[in-house]
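Below, each chain spelled out in residue letters.
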Amino acid sequence: MHAELAQAFVRTHVDPNDNSSPCLFWGRRTVPFHLNAQGMNHGDNDAGFAALRLSLQQWTDVDCSDFVYQDQGFSDDRMVSFNRALLDQPMLVEDVTPFNNIMFRDRSCSDVVPANDACASTTNNDCMNLYDCWDYGSGVIALTTTTYNFETGEIFDADIELNEAEFPFTTADPYPDGGDVCGTLGANPLSCVGTDLRNTVTHESGHMLGLGHSADVHATMFASANTGETSKRDLADDDIAGICAIYPTGLKAQTCGDAPPTNKGCGCGSAEGATLLPLALGGWLARRRRNRG
């Protein structure tokens with residue numbers, strides 16, 4: 001592993017404007033996830049679910065970390081949320097198994113939400129759950145919502161949404177049988193490469209574990225991806241350095257900022273593209289939304 005690459009990975013901070021604030025991390029080492037049973041509307045569901053599992057498996061297979069993404073099977077839940085009933089008993093939150101949902105949104109909220117609906121005037125993106133729609137803009141490929149302790153950075157829940165309303169997610173390998181790069185949702189997703197699903201979700205599941213956007217253009221956690229790109233399916237040295245710095249085998253998760261580290265190797269940095277959204281979740285919790293590019 002090259003020393004210069006090991007310096008490029010970035011931790012996600014509680015306050016994106018304050019690099020001295022705590023970094024996000026899971027207190028548990030095994031993190032469950034659920035695949036939403038609705039699946040893809042523009043492709044092969046079996047291939048899509050397989051691609052999602054392979055994406056999270058990339059992070060589980062890293063030798064220098066014992067962090068594990070654990071497959072909990074399918075769910076019909078279409079909500080991006082955290083159990084708000086726990087907020088009156090915050091001491092119980094750490095004992096609750098998170099319900100981390102991965103889903104496709106195939107409708108834009110701008111197309112289905114009535115103009116006078118009160119959800120459109122809130123800062124909580126409530127329309128996405130009320131109308132089962134994509135509510136973050138047409139240029140965003142995917143987004144990870146994380147609920148965490150604002151004082152320590154400990155993550156309690158994370159959900160990944162994929163913008164199938166605007167992007168032709170595909171699972172094929174690059175240019176199979178001379179096929180083309182998919183240009184629109186009308187293209188056959190079985191014979192061309194568009195917005196590669198594994199490329200996208202491997203990146204998003206890096207946000208889910210606490211990594212921000214890397215400065216290394218070869219890294220999975222680099223901030224942008226081209227149509228037809230598949231190189232981010234596999235972790236680069238920089239990505240591996242990141243997960244191993246946060247979750248080293250046999251040691252507690254490595255914190256930073258106001259929460260003192262248990263040993264060296266925090267690797268904190270600024271989190272590009274992060275927006276901190278205040279929610280009615282109590283003063284000790286906050287929700288962060290991360291975009292794909």
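Residues numbered from 1 in each chain as written. Predicted model: local features only at pLDDT ≥ 70, side-chain atom pairs only at ≥ 80, totals over all residues. Heavy atoms only, no water.

A. Local environment of the overall build of the chain. Helix and strand counts for the chain come out as six helices and ten strands. Within the chain, buried positions represent 54% of all 293 residues. The contacts in the chain between residues at least 6 apart in sequence include a share of 71% that link residues at least 24 apart. Here the chain has roughly 12200 Å² of accessible surface; of this, 49% comes from carbon and sulfur atoms. (Helix = DSSP H or I, 4+ residues; strand = E, 2+ residues; numbered from the N terminus. Buried < 20%, exposed > 50% of the residue type's maximum accessible area, 1.4 Å probe, protein only. Contact = heavy atoms within 4.5 Å. Areas by Shrake-Rupley, 256 points an atom, 1.4 Å probe, with all protein chains shown as cover.)

B. Helix H2 (residues 45-60), seen in detail. Counted at 1.5 Å a residue, the expected span for H2 with its 16 residues is 22 Å, and the 23 Å between its end C-alpha atoms agrees. Buried within H2 are the following residues: Gly 48, Phe 49, Ala 51, Leu 52, Ser 55, Leu 56, Trp 59 and Thr 60. On its buried face, H2 sits against strand S2 (30-36), strand S3 (68-75), strand S4 (101-105), strand S6 (154-163), helix H5 (197-208) and helix H6 (237-246). Regarding H2, its N-cap is Asp 44, as a side-chain oxygen of that residue lies 2.9 Å from the backbone nitrogen of Asp 46 further along. (Expected span 1.5 Å × (residues − 1). Polar contact = N/O pair within 3.5 Å; in protein donor to acceptor, adjacent residues only side chain to side chain.)

C. Geometry of the state of the cysteines. Scanning the model with the defined rule gives four disulfides in all. The disulfide that involves Cys 23 links it to Cys 256, with 1.9 Å between the sulfurs. With Cys 23 in the loop between helix H1 (3-6) and strand S1 (25-26) and Cys 256 in the loop between H6 and strand S9 (274-277), this pair connects stretches of sequence that are 233 residues apart. As far as the burial class goes, Cys 23 and Cys 256 line up, both buried. The partner cysteine of Cys 109 in its disulfide is Cys 133, sulfur to sulfur 1.9 Å. When the S-S torsion is 90 degrees, as for the bridge of Cys 109 with Cys 133, the disulfide is right-handed. (Disulfide = S-S within 2.5 Å.)

D. Region of interest: the pattern of salt bridges. Summed over all chains, the structure comprises eight salt bridges. In this structure, Arg 53 engages Asp 71 in a salt bridge whose closest nitrogen and oxygen atoms are separated by 2.5 Å. Here Asp 71 lies in strand S3 and Arg 53 lies in helix H2, a separation of 18 residues in the sequence. Exposure remark for Asp 71: the relative accessible area of 34% places this residue in the partly exposed category. (Salt bridge = Lys/Arg side-chain N within 4 Å of Asp/Glu carboxyl O.)

E. Structural context of the nonpolar core. One finds Leu 52, Tyr 69, Leu 162, Leu 197, Leu 209 and Tyr 247 to be the most contacted residues of the largest nonpolar core, which totals 42 residues. Sorting the residues of this core by element identifies S1, S2, H2, S4, strand S5 (142-149), S6, H5 and H6 as the ones contributing at least two each. Beyond its immediate sequence surroundings of up to four residues, Leu 197 is in contact with Met 40, Gly 48, Ala 51, Leu 52, Ser 55, Phe 104, Leu 162, Phe 169, Thr 170 and Thr 171. (Core = buried A, V, L, I, M, F, W, Y, C linked by side-chain atoms within 4.5 Å.)

F. Representation of the packing of H2 against H5 in the model. Running from N to C, H2 and H5 point in directions that differ by 40 degrees, and their axes come no closer than 8 Å. With respect to their mutual orientation, H2 and H5 come out oblique. Pair H2 / H5 crosses with right-handed handedness. Residues Gly 48, Ala 51, Leu 52, Leu 54, Ser 55, Leu 56, Gln 58 and Trp 59 of H2 pack against Leu 197, Arg 198, Val 201, Thr 202, Ser 205 and Gly 206 of H5. Among the residues forming the contact of H2 with H5, the class breakdown is seven nonpolar, six polar and one charged. (Axes fitted to C-alpha atoms, helices over the stretch in contact; angles between N-to-C directions. Parallel < 35°, antiparallel > 145°, perpendicular 65-115°, else oblique. Left-handed = near helix turned anticlockwise from the far one by under 90°. Nonpolar A, V, L, I, M, F, W, Y, C, P; charged D, E, K, R; others polar.)

G. Structural context of the pairing of S3. Direction of pairing for S2 relative to S3: parallel, over a ladder of six bridges. The partner of Val 31 across the bridge, within S3, is Tyr 69. Each parallel crossover has a hand, and the one from S2 via H2 to S3 is right-handed. (Pairing = 2+ DSSP bridges. Right-handed = clockwise from strand over helix to strand, strands pointing away.)

H. Representation of unusual backbone geometry in the model. Its identity as a non-glycine residue notwithstanding, Asp 132 has a phi of 50 degrees, on the positive side. Along the chain, Asp 132 turns up in the loop between helix H4 (127-131) and S5.

I. Representation of the confidence of the model for the chain within the structure. When pLDDT is averaged along the chain, the result is 79; 73% of the residues meet or exceed 70. Confidence drops under pLDDT 50 across residues 1-6; counting only partners more than four residues distant or on other chains, this segment forms nine contacts. Scored below 50 in pLDDT, residues 258-285 makes 85 contacts in the model with residues more than four places away or belonging to other chains. (pLDDT = per-residue confidence, 0-100.)

J. Quick peek at the environment of Pro 98. Here Pro 98 shows up in the loop between S3 and S4. For Pro 98, a relative accessible area of 6% gives the class buried. For the pair Pro 98 and Ala 158, spaced 60 residues apart in sequence, the C-alpha to C-alpha distance is 7.9 Å. Residues contacting Pro 98, with those up to four places away along its chain left out, are Trp 26, Arg 28, Pro 32, Phe 156 and Asp 157.

K. Broad picture of the packing of aromatic side chains. Summed over all chains, the structure comprises five aromatic pairs. Ring centres of Phe 67 and Tyr 247 lie 4.6 Å apart, and the angle between their planes is 35 degrees; on these two criteria the pair is classed as tilted. You can see Phe 67 sitting in the loop between H2 and S3 and its partner Tyr 247 sitting in the loop between H6 and S9, a full 180 residues away along the chain. Both residues of the pair, Phe 67 and Tyr 247, belong to the buried class. (Phe/Tyr/Trp six-rings, centres within 6.5 Å; stacked < 30°, edge-to-face > 60°.)

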